[in-house]
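This is what each chain is made of:
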Amino acid sequence: MTEPVLLWLRQDLRLHDQPALLAAARSGPVIPVYVLDDESAGDWRIGGAQRWYLHHALEALAASLEAMGSRLILRRGDAVTVLRALLEETGAAAIHAIRHYEPWWRSAEAALSDALYLHDGNHLARIEDLTTGAGTPFRVYSSFWKALSQRMPPDAPLPAPNTLAAPAKWPGSDVLADWGLLPKRDWAKAFDAAWTAGEAAARNAVDAFAGQVAAYDTDRNLPSVEGSSRLSPHLHFGEVSPRQVWHALSGLGEGVQTFRKELAWRDFTDGVVTALPDYGDRNGRPKFDSLWRDGADAQRDLKAWQTGRTGYPIVDAGMRQLWTIGWMHNRVRMITASFLIKHLLLDWRWGERWFWDCLVDADYGNNSVNWQWVAGTGVDANMFGRIMAPLTQSEKFDAGGYIRHWVPELGGLSDAVIHDPEAGGCRPRGYPVKIIGHREARERALAAAARMR
Ligand code: FAD
C-alpha cells in the first residue's frame, strides 16, 4: 500500500476549497492532524475566547471527516516536534498544509521544509505576489487594493474531494474534551447563542449575508444594525475561504464592492506582518516607545476600559459586547481602541492583548495592523494627532439601540441624553462618571505627542 501523507490543519478547518487536502487526497491515504501548539507562538498562543470557538470548530471538522470515513488526529505540543514524531510513527511520506503568515507558523514551516508541501488557499491572492513597483510589500491600503483588484476575481473555489483514503493503521489521538478548551467558569454562556462553528455554519452565514450585502455600504457602520457579515471567526479559522465568499456574493449589487474591499484587508494585513513579523509587539515608528502612561493609575484606567466602566456609553457598550459574545462591531472597535490609546494614553499593546484574549476572531495580522492603524504608530499614513471624539461618533452612528442593549442601566434614557447621560444631568446611580473629560484627554494626548517629538 502507498505510504500515507499528513494533512496539517491550522486555520483552514474546511473540506471545500482546501488545496492542501486535495493534493494530499491525490497522493494516497491521508492522516488529517490538528496540533494544539501553545509553545511556538509564545505570548500569541490562542486566547480564551478562541479556545471556546476552536473546541466547537474541531468537533465539527472531525464529524465531517468521519462522515467521509476519515478521522481528525489531535495532538498537543510544539508543532514541529509533534509532526516530526508523527512522520516517524506513521511512516508518512510528506506533510501537506496551507501556507500561513503568522511569524510562528512561518518559522515552523521553515523548520519542516524538507517534508512540507505548502499550498495557497487562505487569501484572495498570493501575498508574495502583491508588492509595490520596488518589490516591497504595500504599507498603504489604498495602493494595495488597487494592485489586488487587478488580479480579481480570484480563482474559482475547488470542490471537496469525493473520497479520502484511510491509512492502514491510524495513529492515536488525544481526546478533544481533555484539552480543556472550554472555560471552567462559564463566562462564555452567551457565545452559544452568538456563534455556530464549523464549515456548514460558515456557509449558512455566507448565504444569510447574501440577503443583506446590498445594504452593506450604509448598514455596516451602524452597530445596532446587523449590517456586517459576522464571518470573521469563520474566516480566521478557515471554515470558509475568502474566494468562496467572493464568488458566493457575485452579482448582488453595489454593496458587494464595498464588502470585497473590506474582505481584502485580511490579505493586506498578512502582507504587513510578513514584512514586519513583530508588528504585534513593536511600534512601527519607534519614537512612540516612550509615549504611554504607566503605574497604578494607568492600570486602574485599563481595568475600567476592559470592564466597560469608563462613563462613555458607546465605549462601555463595545467593551461589554466584546466580553459577552467575543466580538465587537468594527466601528466600535475603532472607537474603543482610540479611547484607550488617546483618551487614556495607554499603550495600544495593552488593548491589543485584551482583544486577543476576548475576540473569537482574534487574528495576528488583522489585530496588530488595526491597532497600530488606530494608534497612528504604524507604517501607514495615519496620524496619532487624529483623535476620535467618542460622543460625536456615538451620536453619528448609534440611534441609541446599541447602547441600550449593552449598557442596560442606561436603557431608560431618552435618545437626547443616552450618549452622554452625565452632561444631560441624568446619570443613573451605579453608572460611572466619565473617567476623563474629552477636552482634557485630547489636550493631554496632544501635549504628550508634542513632548515626544
Ligand atoms: P465584515 O464587515 O462583514 O467584513 C468581512 C470580513 O473582512 C471580516 O470578517 C474580516 O475578515 C475582513 N475585514 C473587515 N474589516 C477588516 C479590517 N479592518 N481589517 C482586517 N480585516 C477586515 N478583524 C479580525 O478578523 N480579527 C481581529 O483580531 C481584529 N482586530 C481588530 C482590532 C481593531 C482595533 C480594529 C479597529 C479592527 C479589528 N478587526 C479585526 C477588523 C474588523 O473590525 C473585523 O474584521 C470585523 O469587525 C469583523 O466583523 P465582520 O465579519 O462582520 O466584518
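Residues numbered from 1 in each chain as written. Predicted model: local features only at pLDDT ≥ 70, side-chain atom pairs only at ≥ 80, totals over all residues. Heavy atoms only, no water.

Comments concerning the overall build of the protein
For clarity, the cut-off: Helix and strand definitions here come from DSSP, where helices need a minimum of 4 consecutive H or I residues and strands a minimum of 2 consecutive E residues; each element is numbered from the N-terminal end. The size measure is the radius of gyration over C-alpha atoms, and the globule rule it meets is 2.2 Å times the number of residues to the 0.38 power. Classification of residues uses two cut-offs on accessible area relative to the type maximum, computed with a 1.4 Å probe and protein chains only: under 20% is buried, over 50% is exposed, and between them is partly exposed. Where accessible areas are quoted, they stem from the Shrake-Rupley method and a 1.4 Å probe; at the residue level, only the protein chains shown are allowed to cover. His is not counted here, nor are the chain ends, while Lys and Arg score as positive and Asp and Glu score as negative. To locate a charge, take NZ of a lysine, CZ of an arginine, CG of an aspartate or CD of a glutamate.
Counting its secondary structure elements, the protein contains 20 helices and 5 strands. Taken over C-alpha atoms, the radius of gyration comes to 23 Å for the protein, in line with the 22 Å a tight globule of 453 residues would show. Counting only C-alpha atoms, the protein reaches 80 × 50 × 45 Å along its principal axes. Out of the 453 residues in the protein, the part that is buried amounts to 57%. Within the structure as shown, the protein displays about 18800 Å² of accessible surface, and the carbon and sulfur contribution to it stands at 51%. Of the side-chain charges in the protein, 50 are positive and 54 negative, and the distance between the mean point of each set is 5 Å.

Some details on the side chain of Glu 199
As a reminder, the rule being used: What makes two residues a contact is simply this: any of their non-hydrogen atoms within 4.5 Å.
Of note, Glu 199 is situated in helix α7 (residues 199-210). Owing to a relative accessible area of 9%, Glu 199 belongs among the buried residues under this scheme. Excluding residues that lie within four positions of it along the chain, Glu 199 makes contacts with Arg 14, Leu 15, His 16 and Glu 239.

A closer look at the sheet that holds strand β1 (residues 5-9)
Rules: Criterion used throughout: strands pair if DSSP finds at least two bridges between them. Lines fitted to C-alpha atoms define the axes, with helix axes restricted to the stretch in contact, and inter-axis angles between N-to-C directions lie between 0 and 180 degrees.
Spatial ordering of the open sheet is given by β3-β2-β1-β4-β5, a layout of 5 strands whose pairing is parallel. Every other strand in the sheet has two partners, leaving β3 (73-76) and β5 (116-119) as the edge strands with one partner each. Going from strand to strand, the sheet's axes swing by 30° on average, the running direction of each strand aside. Bridge count for β1 against strand β2 (residues 30-36) is 5 bridges, and the pairing is parallel.

A look at the pattern of salt bridges
Quick reminder of the rule: Any carboxyl oxygen of Asp or Glu that lies within 4 Å of a side-chain nitrogen of Lys or Arg is treated as forming a salt bridge with it.
Here the structure, examined in full by the defined rule, presents 24 salt bridges. For Arg 300, the salt bridge is made with Asp 297, and the minimal N-O distance between the two is 3.7 Å. Separated by 3 residues within a single helix, Arg 300 and Asp 297 lie in helix α13 (residues 296-306), roughly one turn from each other. With its nearest N and O atoms 2.8 Å apart, the salt bridge here joins Arg 333 to Asp 361. On the criterion of sequence distance, the pair formed by Arg 333 in helix α15 (residues 330-343) and Asp 361 in the loop between α16 (348-358) and α17 (364-375) is long-range, its members being 28 residues apart. In this structure, Arg 333 and Asp 361 share a single accessibility class: buried.

A look at unusual backbone geometry
Of note, the amide linkage connecting Met 152 to Pro 153 takes the cis form, showing an omega dihedral of 5°. Along the polypeptide, Pro 153 turns up in the loop between α5 (141-149) and α6 (191-194). The phi angle at Arg 230 is positive, at roughly 55°, despite the residue not being glycine. Residue position: Arg 230 is located in the loop between α8 (216-219) and α9 (232-236). In the Ramachandran plot, Leu 345 falls in the positive-phi region, its phi being about 55° despite a non-glycine side chain.

Quick word on α5
The following threshold applies: In this description, the arc belongs to the directions extending from the helix axis to the C-beta atoms.
Here α5 has its buried residues at Tyr 141, Phe 144, Trp 145 and Leu 148. All buried residues of α5 project into a common sector of 100° when viewed along the axis, lining one side. The exposed residues of α5 that point more than 90 degrees off its buried face are Ser 142 and Lys 146.

A few points about the site of the ligand
How we decide: Here, proximity means that at least one heavy atom of the residue falls within 4 Å of the molecule or strand. For the purposes of these results, a polar contact is taken to be a pair of N or O atoms within 3.5 Å, where, inside protein, one atom must be able to donate a hydrogen and its partner to accept one; residues adjacent in sequence count only when each atom of the pair is a side-chain atom. Side-chain classes are defined by residue name, with Ala, Val, Leu, Ile, Met, Phe, Trp, Tyr, Cys and Pro counting as nonpolar, Asp, Glu, Lys and Arg as charged, and the others, Gly among them, as polar. Segmentation of the chain into domains, including their bounds, is taken from an automatic or database domain assignment.
In the vicinity of the ligand lie 27 residues, with Tyr 216, Ser 228, Ser 229, Arg 230 and Asn 330 positioned nearest. Between the ligand and Ser 228 there is a distance of 2.6 Å, counted from an oxygen atom to a side-chain nitrogen or oxygen. The fraction of the free accessible surface of the ligand (820 Å²) that becomes covered by protein chains is 98%. Of the residues that constitute the shell around the ligand, the class distribution is 14 nonpolar, 7 polar and 6 charged. Split by domain, the residues of the shell around the ligand number at least three in each of domain 2 (123-155 + 197-275) and domain 3 (286-452).

Section: the packing of helix α14 (residues 313-325) against α15
Rules: Should an angle fall under 35 degrees it is called roughly parallel, over 145 degrees roughly antiparallel, and 65 to 115 degrees roughly perpendicular, with every other angle called oblique. In this scheme the handedness of a crossing depends on how the near helix is turned from the far one: anticlockwise by less than a right angle means left-handed, clockwise means right-handed.
Viewed as axis vectors pointing N to C, α14 and α15 meet at an angle of 110°, and their least axial separation amounts to 9 Å. Considered as vectors, α14 and α15 are oriented roughly perpendicular to each other. Remark: the crossing between α14 and α15 carries left-handed chirality. Facing α14, whose interface residues are Ile 314, Val 315, Gly 318 and Met 319, α15 presents Val 332, Ile 335, Thr 336 and Phe 339. Among the residues making up the contact of α14 with α15, the classes are represented as 6 nonpolar, 2 polar and no charged.

Digging into the nonpolar core
Spelled out, the test is: For our purposes a nonpolar core is just a set of buried Ala, Val, Leu, Ile, Met, Phe, Trp, Tyr and Cys residues, chained together by side-chain atoms within 4.5 Å.
Membership of the largest hydrophobic core comes to 144 residues, with the highest contact counts inside it found for Trp 8, Tyr 34 and Trp 305. Once residues lying within four places of it in the same chain are set aside, the contact partners of Trp 305 are Thr 310, Val 315, Met 319, Thr 336, Phe 339, Leu 340, Leu 344, Gly 351, Trp 354, Phe 355 and Trp 371.

Structural notes on the domain arrangement of the protein
Short version of the rule: The term buried area means the drop in 1.4 Å probe accessible area that two parts suffer when joined, counted for both and summed.
Under the domain assignment, the protein is made up of domain 1 (1-121), domain 2 (123-155 + 197-275) and domain 3 (286-452). Facing the 19 residues of domain 2 at the interface are 21 residues of domain 3. When domain 2 packs against domain 3, the two sides together hide about 1800 Å² of surface, and 62% of this comes from carbon and sulfur. Counting every contact that joins domain 2 to domain 3 gives 0 salt bridges. For the interface between domain 2 and domain 3, the tally reads 7 residue pairs in polar contact (both at pLDDT 80 or more). Of all the secondary-structure elements, those providing two or more residues to the side of domain 2 that touches domain 3 are α9 and α12 (265-275).

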